[in-house]
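Given next are the chains, with one letter for each unit.
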Amino acid sequence: MRIVLIGYMGSGKSTVGTLLSKELGYDFLDLDAYIEEAMGTTISNMFVEKGEIFFRKKEHFFLKKIFEEKNDFILSTGGGTPCYSGNMETMVAETKEVFYLKVSIAGLVDRLYKEKDDRPLIKDLSPSELPEFIGKHLFERNHFYAQAHHTIICDAKSPQEIVEEIKKKLA
Ligand code: S3P
């Protein structure tokens with residue numbers, strides 16, 4: 001089985017994916033970590049040294065490679081993965097289990113205040129700029145996130161509760 005978790009930065013994809021993989025026994029793959037290992041550098045460095053477009057090309061390449069090479073996995077994507085290079089079409093065509101972990105703007109702002117420093121797209125924003133940035137960015141990305149087969153509302157839920165909800169929805 002191939003389970004894919006999508007959602008904005010800070011929506012809990014990696015935490016939920018790790019927990020879900022322990023429960024279901026499938027390998028857990030974190031696309032950001034996979035790219036970093038394959039490229040021998042961090043995503044932050046890639047943005048600084050080669051630029052975002054270079055990163056997006058690698059993201060597309062490694063996403064395709066995972067689907068070509070593996071059949072059973074739980075994959076947590078980067079927040080922008082569904083929004084570039086036809087990646088959402090690929091994921092939706094390759095599995096029926098794409099889950100959008102949906103968190104409200106207020107919830108994301110709350111989480112990302114504390115964890116923005118290693119996220120190149122938001123690290124230079126001041127705390128007061130975050131709500132407007134996230135609101136606009138989510139608006140642009142919604143179109144892609146909305147194509148997921150399932151949406152899980154994650155505000156006020158623990159990772160374990162989200163895992164239980166995902167398990168109930170699996171075909
Ligand atoms: C990005 C999200 C990041 C990472 C990169 C770009 C985005 O992943 O892929 O910094 O465009 O939203 P997380 O969602 O794991 O933070």
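Our subject is the structure that appears above.
Note that residues are indexed from 1 along each chain, following the sequence as it is written. Per-residue local features of the predicted model are confined to residues with pLDDT of at least 70, and side-chain atom pairs are confined, for both listing and counting, to 80 or more; whole-chain, interface and lining totals are unaffected and use all residues. The basis for every side-chain value is the complete set of non-hydrogen atoms in the structure, without hydrogens or water.

Draft legend 1. Representation of the side chain of H150 within the structure. By definition, any uninterrupted DSSP run of H or I lasting at least four residues is a helix, any uninterrupted run of E lasting at least two residues is a strand, and each is numbered from the N terminus. Within the secondary structure, H150 is located in strand β5 (residues 150-153). The buried label goes to any residue with under 20% of its type's maximum accessible area, the exposed label to any with over 50%, and the partly exposed label to all in between, with areas taken from a 1.4 Å probe on protein chains only. For H150, a relative accessible area of 16% puts it in the buried group.

Draft legend 2. Expanded view of the sheet that holds β5. Think of it this way: DSSP has to see at least two bridges between two strands before they count as a pair. Read across the sheet, five strands follow the order β2-β3-β1-β4-β5 without closing on themselves; strand pairing throughout is parallel. Each edge of the open sheet carries a strand with a single partner, namely β2 (28-30) and β5. Direction aside, the axes of adjacent strands within the sheet are offset by 20° on average. Two strands pair when backbone bridges link them, and strand β4 (residues 98-102) and β5 are joined in this way by four bridges, in the parallel orientation. Counterpart to K102 in the pairing with β5 is I153. All axes here are fitted lines through C-alpha atoms, helices being fitted over the stretch that makes contact, and every angle between N-to-C directions spans 0 to 180 degrees.

Draft legend 3. Examining the packing of helix α6 (residues 105-114) against helix α7 (residues 130-145) more closely. The geometry of α6 relative to α7 is characterised by a closest axis approach of 10 Å and an angle of 125° between their N-to-C directions. Regarding the angle of α6 to α7, the classification is oblique. As α6 runs across α7, the sense of the crossing is right-handed. Each of I105, L108, V109, L112 and Y113 in α6 lies in contact with α7, whose residues at this interface are L130, P131, I134, G135 and L138. Working rule for angles: under 35 degrees goes down as roughly parallel, over 145 as roughly antiparallel, 65 to 115 as roughly perpendicular, anything else as oblique. When the near helix sits turned anticlockwise from the far one by under a right angle, the crossing is termed left-handed; a clockwise turn instead gives a right-handed crossing. We call two residues contacting when some pair of their heavy atoms lies within 4.5 Å.

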